Amino acid sequence: MKLKKNIATSESGFIFNPATGDSFAANPLAADILARAKEGLNPAAIKADILARYDVAPGQLEKDWDDLLAQLRDFNLLD
């Protein structure tokens, strides 16, 4: 997962695309995932950290991960 370089994110979950003026709100976990992705962590490392810190089954994490990626693609936020 690689966000476009011009996409702004905040710790609170605010996402802004300056190219289009669109803004979005992410839940706290999605905001954490986006922050880690912007830091350059690979998806496997991000997922391992989530599994260690949250009470979530690996299958549920994969489903939610895929849903998040689909939304980011739909909003044209990924490279």
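An unreviewed UniProt entry lists the protein under the name PqqD family protein, from Hymenobacter armeniacus.

Trainee: When you look at the nonpolar core in this model, what are you seeing that I'm missing?
Mentor: Buried together is how nonpolar side chains tend to be arranged in soluble globular proteins. Judged by nonpolar contacts, the single largest core of 18 residues is most densely connected at Ile15, Ile33, Ile46, Leu72 and Leu77. When contributions to this core are tallied by element, the ones reaching two or more residues are helix 1 (28-38), helix 2 (43-53) and helix 3 (58-74). It is helix 3 that contributes the most residues to this core, 5 residues altogether. Residue contacts for isoleucine 33: discarding those within four places in its chain leaves Met1, Ile46, Ile50, Trp65 and Leu68.

Trainee: Help me understand the packing of helix 1 against helix 2 in this model?
Mentor: Packed helices, taken two at a time, are described by the angle between their axes plus the distance between the axes. Running from N to C, helix 1 and helix 2 cross one another at 145°; their axes reach a closest spacing of 10 Å. Helix 2 is crossed by helix 1, and the crossing has right-handed handedness. On the side of helix 1, the interface is formed by Leu29, Asp32, Ile33, Arg36 and Ala37, while helix 2 contributes Ile46, Asp49, Ile50 and Arg53.

The rules we used
- Residues numbered from 1 in each chain as written.
- Predicted model: local features only at pLDDT ≥ 70, side-chain atom pairs only at ≥ 80, totals over all residues.
- Heavy atoms only, no water.
- Core = buried A, V, L, I, M, F, W, Y, C linked by side-chain atoms within 4.5 Å.
- Buried < 20%, exposed > 50% of the residue type's maximum accessible area, 1.4 Å probe, protein only.
- Helix = DSSP H or I, 4+ residues; strand = E, 2+ residues; numbered from the N terminus.
- Contact = heavy atoms within 4.5 Å.
- Axes fitted to C-alpha atoms, helices over the stretch in contact; angles between N-to-C directions.
- Left-handed = near helix turned anticlockwise from the far one by under 90°.

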